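Chain and residue survey
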Amino acid sequence: MLVVLGMALIGAILGALTARKRNGNAADMAQYAAGFGIAFALAGLIVSMVLVRLVV
């Protein structure tokens, strides 16, 4: 579970930075942060499931 939360946090930070780099306003940064956060959380969930299958 920690992998998923960590990846979601990293994705949200990267999304906000990407929107800021593209000269977006606060709403753009929030939207990018949400989108990247969800995408990275999904990737973290898959990584977490693979790790559990390999360990058990």
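Presented here is an overview of the structure given in this document.

Thoughts on unusual backbone geometry
The backbone of Asn23 sits at a positive phi, close to 60°, despite the residue not being glycine. By the element assignment, Asn23 lies in the loop between helix 1 (2–21) and helix 2 (26–55).

A few points about the environment of Leu9
Position of Leu9 among the secondary structure elements: in helix 1. Residue classification places Leu9 among the exposed residues on the basis of a relative accessible area of 56%.

Re helix 1
The α-helix advances 3.6 residues per turn, and as a result positions three or four apart in sequence lie on the same side. Across its 20 residues, helix 1 extends 28 Å between first and last C-alpha, which sits within 8% of the 28 Å expected from 1.5 Å per residue. Of all the residues in helix 1, the buried ones are Val4, Gly11, Gly15 and Ala19. For helix 1, the buried positions fall inside an angular range of 60° around the axis, keeping them on one side. Among the exposed residues of helix 1, those oriented more than 90 degrees off its buried face are Leu2, Leu5, Leu9, Arg20 and Lys21.

Considering the environment of Met1
Examined against the element boundaries, Met1 turns out to sit in the segment before helix 1. A relative accessible area of 71% places Met1 in the exposed class. Distance from Met1 to Ala26, taken between C-alpha atoms, is 29 Å for residues 25 residues apart in sequence.

Focus: a nonpolar patch on the surface
Together, Leu42, Leu45, Ile46, Met49, Val50, Val52, Leu54, Val55 and Val56 make up an exposed nonpolar region whose accessible area comes to about 960 Å². Tracing the sequence through the fold places Val55 in helix 2.

Focus on helix 2
Between the first and last C-alpha of helix 2 there are 42 Å, a value that for 30 residues agrees with the 44 Å anticipated at 1.5 Å per step. Every buried residue belonging to helix 2 is among Ala33, Gly37, Ala41, Gly44 and Ser48, and all of these are buried. N-capping of helix 2 is provided by Asn25, with a side-chain oxygen placed 3.3 Å from the backbone N of Ala27.

Criteria and cut-off values
Residues numbered from 1 in each chain as written. Predicted model: local features only at pLDDT ≥ 70, side-chain atom pairs only at ≥ 80, totals over all residues. Heavy atoms only, no water. Helix = DSSP H or I, 4+ residues; strand = E, 2+ residues; numbered from the N terminus. Buried < 20%, exposed > 50% of the residue type's maximum accessible area, 1.4 Å probe, protein only. Expected span 1.5 Å × (residues − 1). Arc of directions from axis to C-beta. Patch = residues over 30% accessible without salt bridge, like charges linked within 9 Å, V, L, I, M, F, W, Y side chains within 5 Å. Areas by Shrake-Rupley, 256 points an atom, 1.4 Å probe, with all protein chains shown as cover. Salt bridge = Lys/Arg side-chain N within 4 Å of Asp/Glu carboxyl O. Polar contact = N/O pair within 3.5 Å; in protein donor to acceptor, adjacent residues only side chain to side chain.

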